[in-house]
Amino acid sequence: MGDFNYFNSLAVYACNLGLDRPERQALIKSIEADHTKSKTPPTKGDSWTGDVNSSCQLHDQPEFDKFFKLASVAVDNYMIGLGVNTTMLDTYFTRSWAVRQEGSQAVSLHDHAQSHISICYYPEAHPAHGAFVIAPQELPNEFFPNLFSNEHHKTTGLVDANNPHTQSCYNLKPQDDMLLIFPSKMHHQVRPNADTYPTLARYSVSSDIVCTLKSAHLYEHGLPPLPLWKKLEILNE
């Protein structure tokens, strides 16, 4: 029998950020205060997201200073691990927000197409918290359409549901102080908490990141440095 060879696989970086429990609880308290202040009516299926209900600039809030300093180091390590020379890039937090969910609330399948890198942080986790789900848009080994992505085929015996090659999504269970870093184009979602804990809240902090070249000289790809940008001057009549 032959062997499988694997090429250019998707990588999701995970690490402990390094905040102690009181610091993590302070973040949760801040998120809960924003949630209460926003007075957004609760919904049965959708999680509360701070970017559309409260704030999309947590990186400018003093209580999150240490979080973003530590996250900056982790993002740098992520890029270096991918083989990128980070001394040639400027990297920016562009949007950052909190997510709160409980009961049957979830975060539906999506990507962050407006940015380059995204992060998701869990200050505290509970075994009943819903999983973070990685759902690659393209399944390279799916040799005819929907062979692996349609779950029906796993119930009929056409494909082996336990074979790692047939998986269309992958679950990561939240852990205390866990930071996830991944390409923003990666499709992902969050499952609801276990129904045995209907009032258990789950908190996370997310941020989008954009990278620009320090010098655009001789480079076709990548965004040039911000000082080289020129805003369109359009006069509204």
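Scroll up a little and you will see the structure.
Report on the accompanying structure.

About the thresholds
Residues numbered from 1 in each chain as written. Predicted model: local features only at pLDDT ≥ 70, side-chain atom pairs only at ≥ 80, totals over all residues. Heavy atoms only, no water. Pairing = 2+ DSSP bridges. Helix = DSSP H or I, 4+ residues; strand = E, 2+ residues; numbered from the N terminus. Axes fitted to C-alpha atoms, helices over the stretch in contact; angles between N-to-C directions. Core = buried A, V, L, I, M, F, W, Y, C linked by side-chain atoms within 4.5 Å. Buried < 20%, exposed > 50% of the residue type's maximum accessible area, 1.4 Å probe, protein only. Contact = heavy atoms within 4.5 Å. Lys, Arg positive; Asp, Glu negative; His and termini not counted. Salt bridge = Lys/Arg side-chain N within 4 Å of Asp/Glu carboxyl O. Phe/Tyr/Trp six-rings, centres within 6.5 Å; stacked < 30°, edge-to-face > 60°.

## Quick notes on the sheet that holds strand β7 (residues 170-172)
Right, so step 1: The antiparallel open sheet is built from 4 strands, whose spatial order is β4-β9-β6-β7. Only two strands of the sheet have a single neighbouring strand rather than two, namely β4 (107-110) and β7. Averaged over all pairs of adjacent strands, the angle between strand axes in this sheet comes to 20°, irrespective of strand direction.
Right, so step 2: Relative to strand β9 (residues 188-190), strand β6 (residues 132-134) runs antiparallel, the two sharing 3 bridges.

## Focus: the nonpolar core
Right, so step 1: Membership of the largest hydrophobic core comes to 29 residues, with the highest contact counts inside it found for F67, I117, I119, Y121, L179 and I181.
Right, so step 2: No other element matches helix α3 (residues 65-81), which puts 7 residues into this core.
Right, so step 3: Beyond its immediate sequence surroundings of up to four residues, F67 is in contact with L17, L19, L27, I119, Y121 and V205.
Right, so step 4: Membership of the second largest hydrophobic core comes to 12 residues, among which are F132, I134, M178 and F182.

## Comments concerning the side chain of D34
Right, so step 1: By the element assignment, D34 lies in helix α1 (residues 21-38).
Right, so step 2: For the buried residue D34, which engages in no salt bridge, the nearest side chain bearing the opposite charge is K37, 6.0 Å off.

## Considering the sheet that holds strand β1 (residues 13-16)
The strands making up a sheet associate through hydrogen bonds between their backbones, and the pairing can be parallel or antiparallel.
Right, so step 1: Here 6 strands make up an open sheet; going across it, the order is β1-β8-β5-β10-β3-β2 and the pairing antiparallel. Of all strands in the sheet, those bounded by a partner on one side alone are β1 and β2 (48-49).
Right, so step 2: In the sheet, strand β5 (residues 117-122) pairs with strand β10 (residues 201-213) via 5 bridges, with the strands oriented antiparallel. Among the inter-strand pairings, I119 is bridged to a residue of β10, identified as S207.
Right, so step 3: Sitting on the sheet, α1 touches β2, β3 (89-102), β5 and β10, and the angle it makes with β10 is about 95°.

## Considering the packing of aromatic side chains
What characterises a pair of aromatic rings is the spacing of the ring centres plus the angle enclosed by the ring planes.
Right, so step 1: Per the stated rule, a full pass over the model turns up 7 aromatic pairs.
Right, so step 2: Centre to centre, the rings of F68 and F93 are 4.9 Å apart; their planes meet at 70°, and the pair counts as edge-to-face. Pair noted here: F68 is in helix α3 and F93 is in strand β3, with a separation of 25 residues, a long-range link.
Right, so step 3: Note on F68: relative accessible area 5%, which makes it buried.

## Structural notes on unusual backbone geometry
Right, so step 1: With a phi close to 65°, D177 is a non-glycine residue in the positive phi region.
Right, so step 2: Take D177: its relative accessible area is 8%, and that puts it in the buried class.
Right, so step 3: A positive phi angle, close to 70°, is found at L218, a residue other than glycine.
Right, so step 4: Along the chain, L218 falls in the segment after β10.

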